[in-house]
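Observations on the three-dimensional arrangement
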Amino acid sequence: MKYLEEFQNPELARGLLDDIRATVTRPWALMEVCGGQTHTIIRHGIDQLLPDEVELIHGPGCPVCVTPLEVIDKALEIASRPGVIFCSFGDMLRVPGTDRDLFRVRGEGGDVRIVYSPLDALRIARENPTREVVFFGIGFETTAPPNAMTVHQARRLGIRNFSLLVSHVRVPPAIEAIMTSPDCRVQGFLAAGHVCSVMGVDEYPELAARHKVPIVVTGFEPLDILEGIRRTVHQLERGEHTVENAYPRAVRPEGNPAAKAMLADVFEVTDRAWRGIGVIPQSGWRLSARYREYDAEHRFEVSGINTREPAECRSGEVLQGLLKPNQCEAFGTTCTPRSPLGATMVSSEGACAAYYLYRRLGMPAAPLEASPVA
Ligand code: SF4
C-alpha cells in the first residue's frame, strides 16, 4: 500500500477483524503503548469491533500526560520571571500545574510563546540576545533527538541565552515497570512505531523473553493497529513471545543511527518521575555534563517547589491501564477539556481526551471510509 488512505480501507479492516475472530479462543489483554494509537482506536471504534475476548488497555505513551507536576510547576516558575521568553509546543499551555497553567502565566504578563520546533526557540534566542529563552523539552524517544540537536546547535553557534527544561522519558523502562507491577494484566504489547523508528527494536527482545510477552511494533493507522493486534493474538494463541515489526514502512531494526548518535552526545540516561506513576529507574534523559550550561534547571534556581495533585484526578491509574477514563468519577462532570483536572484530559494524545472527544459527546465512531488522513 502506498497511500495513507489505503491504511484505512474498510474491506481490508474487515479481513483483519475476521482473522482475529477466527484465531482467538480465550481472553487476552493487550496494551497499546502510545496515546496516538489510543486516539486511532477510540476514534474508529476499533475496541468495539474486536471480539469480546480481546481487551485493549491504554498505556502511558502520552508525552504531555506523563510530564511530572513538579516539572510543570518549574516551567510556570521560570516562565513568570522577568526577562524570560518561555517557548513550548501548544499542548503544554493548558496542562494544569499545582495552581495555574502557562496560559495563566501569559495572561499575567509572562512572555510565553507557542513554537512548532525547538529550532524556532533557538531563532528567538538569536533575535533576543538580552533575554533568556527557555524551550520546554518533553516527550519520548521521538521528540528527544530534535531537542538534542537544538542544544548541540546552540553550542556550535555560541548562543548562550538559550536553555532547555528537560523532561524526556523512555518507553522500555515503562514497559518493565508495567510488567513488574502486582496489578499488571497486560499479556501483549503494541509497541509505538515512531519510537522504534528512532531507537530500532534492540531494546525489546530481552524484555519480551524475560516477561514472556509478545511485543509487536505497530503504526498508527486503523489497519496498522488491527495488524498489530492480529499478530499479537496469533503469538498469544501459539504460546509465543517474540518481537515482530508490523510497521516496516517506518521502522528499520537498527532505527535511526544519526538520531541515536545525537541523543548519546547530548543526553545521558537518568531516573525519571512520571506524572501519576512515580519514579521509574533509568526511564529518562537529562542533559549530560558537557551540556549542563544549557540546562534550565541548572541556570534558574527552581528548587523548593511544593506540588499538589488534585485529589479527584485518577490519571495515574488511567496511564497504567488500571482504569478506563470514563470510569473516573470526574470524567465529563468536573473534568472536561475546557476545565481539565489532569493532563490526560487536555493533551491531544491523552486517553481521557480521546474518550471525551469521540464517545462522551455522543458522536458515533468515525466510519473507516470517512476518516481524514492523520
Ligand atoms: S477524567 Fe479528568 S480527573 Fe479523571 S483521570 Fe481523566 S484527567 Fe483525571
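Residues numbered from 1 in each chain as written. Predicted model: local features only at pLDDT ≥ 70, side-chain atom pairs only at ≥ 80, totals over all residues. Heavy atoms only, no water.

**Quick notes on the sheet that holds strand β7 (residues 188-192)**
Selection criterion: Strand pairing is assigned whenever DSSP identifies at least 2 bridges connecting the two strands. Numbered from the N terminus, helices here are DSSP runs of H or I no shorter than four residues, and strands are runs of E no shorter than two. Structural elements are reduced to axes, namely lines fitted to C-alpha atoms, with helices fitted over the stretch in contact, and the angle between N-to-C directions of any two is expressed from 0 to 180 degrees.
Strand order in this open sheet of five strands is β2-β1-β7-β8-β9, and the pairing throughout is parallel. Looking along the sheet, the strands with just one partner apiece sit at the ends: β2 (54-61) and β9 (243-245). Averaged over all neighbouring strand pairs, the angle between strand axes comes to 25°, with direction disregarded. The pairing of β7 with strand β8 (residues 215-218) spans four bridges and is classified as parallel. Looking across to β8, one finds that Phe-189 is bridged to Ile-215.

**Describing the state of the cysteines**
Applied cut-off: Cysteine sulfur pairs qualify as disulfides if the two atoms are within 2.5 Å. Summary of the burial criterion: residues with accessible area below 20% of their type's maximum are buried, those above 50% are exposed, and those between are partly exposed, where the area comes from a 1.4 Å probe applied to protein chains only.
Within this structure, the stated rule accounts for one disulfide. Here Cys-62 connects covalently by a disulfide to Cys-65, the sulfurs 2.5 Å from one another. Its S-S torsion of about 70° marks the bond between Cys-62 and Cys-65 as right-handed, since a negative value means left-handed. Cys-34 provides the cysteine sulfur closest to Cys-196, a residue in no disulfide bond, and the two sulfurs are 11 Å apart. With a relative accessible area of 0%, Cys-196 lands in the buried category.

**Quick word on the site of the ligand**
The line we're drawing: It suffices for a single heavy atom of a residue to lie within 4 Å of a molecule or strand for the residue to be listed as near it. The distinction between a cavity and a pocket rests on a 1 Å grid over the protein atoms alone: a 1.4 Å probe fits inside a cavity but cannot get out, while a pocket stays open yet meets protein on both sides within 12 Å along at least five of seven lines, and a residue with an atom within 4 Å of a point counts as lining. Grid points define the cavity or pocket, and a molecule sits in it when more than half of its atoms lie within 2 Å of them. Residues are grouped as follows: Ala, Val, Leu, Ile, Met, Phe, Trp, Tyr, Cys and Pro are nonpolar; Asp, Glu, Lys and Arg are charged; every other residue, Gly included, is polar.
Neighbouring the ligand are Cys-313, Arg-314, Ser-315, Cys-328, Ala-330, Phe-331, Cys-335, Leu-341, Gly-342, Thr-344, Met-345 and Cys-352. The pocket occupied by the ligand, as judged from atoms lying within 2 Å of grid points, is the largest cavity. Of the residues in the shell around the ligand, the class split is eight nonpolar, three polar and one charged.

**Brief notes about the sheet that holds strand β4 (residues 111-114)**
Stated precisely, the cut-off is as follows: It only takes one pair of heavy atoms within 4.5 Å for two residues to be counted as in contact.
On the basis of which strands lie adjacent, the open sheet formed by six strands has the order β4-β3-β5-β6-β11-β10 and mixed pairing. Looking along the sheet, the strands with just one partner apiece sit at the ends: β4 and β10 (267-274). Each strand axis lies, on average, 25° off the axis of its neighbour in the sheet, ignoring direction. Of the pairings in the sheet, the one linking strand β6 (residues 162-169) to strand β11 (residues 278-287) comprises two bridges and is antiparallel in character. In the sheet register, His-168 faces β11, and the bridge partner there is Trp-285. Set on the sheet, helix α9 (residues 171-180) makes contact with β6, β10 and β11; between it and β11 the angle comes to about 175°.

**Examining the packing of aromatic side chains**
Heads up, the condition is: Stacked, edge-to-face and tilted are the three classes for Phe, Tyr and Trp ring pairs, Trp counted by its six-membered ring, which pair at centre distances within 6.5 Å; planes under 30 degrees apart are stacked, over 60 edge-to-face, the rest tilted.
Applying the stated rule across the entire model yields six aromatic pairs. Summarising the aromatic geometry, the rings of Phe-89 and Phe-135 are spaced 5.4 Å apart at their centres and angled 80° between planes, so their arrangement reads as edge-to-face. Taken together, the positions of Phe-89 in the loop between β3 (84-88) and α6 (102-107) and Phe-135 in strand β5 (residues 132-139) put the pair 46 residues apart, joining distant regions of the chain. Here the aromatic rings of Phe-267 and Trp-285 are separated by 6.3 Å at their centres, their planes lie at 25°, and the arrangement is stacked. Pair noted here: Phe-267 is in strand β10 and Trp-285 is in strand β11, with a separation of 18 residues, a long-range link.

**Examining helix α2 (residues 35-43)**
Because each turn of an α-helix spans 3.6 residues, side chains separated by three or four positions in sequence point in the same direction. Along α2, eight of the nine residues are buried, which leaves the element largely enclosed by surrounding structure. Taken together, the buried positions of α2 are occupied by Gly-35, Gly-36, Gln-37, Thr-38, His-39, Thr-40, Ile-41 and Ile-42. Looking one or two residues beyond α2, the residue adopting positive phi is Gly-45, at roughly 65°.

**Here we look at the nonpolar core**
The condition is simple: For the purposes of this section, nonpolar cores are sets of buried Ala, Val, Leu, Ile, Met, Phe, Trp, Tyr and Cys residues that join through side-chain atoms within 4.5 Å.
Counting residues in each nonpolar core, the largest one holds 58 residues, and the members touching the most others are Ile-78, Phe-86, Leu-165, Phe-189 and Tyr-204. Looking at this core element by element, the count peaks at six residues for helix α5 (residues 69-79). Residues in contact with Tyr-204, not counting those within four places in the same chain, are Val-171, Pro-172, Ile-175, Ala-191, Val-195, Cys-196, Ile-215 and Val-243. Counting residues in hydrophobic clusters, the runner-up holds 34 residues, among them Ala-13, Ile-20, Ile-42 and Leu-323.

**Quick word on the packing of helix α7 (residues 118-127) against helix α8 (residues 144-157)**
Condition: Orientation is classified from the angle alone, with under 35 degrees giving roughly parallel, over 145 giving roughly antiparallel, 65 to 115 giving roughly perpendicular, and any other angle giving oblique. Here a crossing is taken to be left-handed if its near helix is turned anticlockwise relative to the far helix by less than a right angle, and right-handed if that turn runs clockwise.
Where α7 meets α8, the closest approach of the two axes is 9 Å, and the angle between their N-to-C directions is 25°. Here α7 is positioned roughly parallel relative to α8, judged by the angle of their axes. Taken as a pair, α7 and α8 cross one another with a handedness that is right-handed. On the side of α7, the interface is formed by Pro-118, Leu-119, Leu-122 and Arg-126, while α8 contributes Pro-146, Asn-147, Met-149, Thr-150, Gln-153, Ala-154 and Leu-157. By residue class, the composition of the contact of α7 with α8 is seven nonpolar, three polar and one charged.

**Focus: the pattern of salt bridges**
Formally: Any carboxyl oxygen of Asp or Glu within 4 Å of a side-chain nitrogen of Lys or Arg constitutes a salt bridge here.
Scanning the model with the defined rule gives 30 salt bridges in all. Of the charged contacts in the structure, one is a salt bridge between Lys-324 and Glu-55, with a shortest N-O distance of 3.2 Å. Taken together, the residues span a long stretch of sequence, with Lys-324 in the loop between α15 (315-319) and α16 (343-346) and Glu-55 in strand β2 at a distance of 269 residues. Between Arg-231 and Glu-227 there is a salt bridge; the shortest N-O distance is 2.8 Å. Pair noted here: Arg-231 and Glu-227 are both in helix α12 (residues 222-238), with a separation of four residues, about one helical turn. The exposure class of Arg-231 is partly exposed, given its relative accessible area of 23%. Where salt bridges share partners, they join Asp-19, Glu-227, Arg-230, Arg-231 and Glu-244 into one cluster.

Everything listed here is a matter of coordinates, which is why it stays silent on function.
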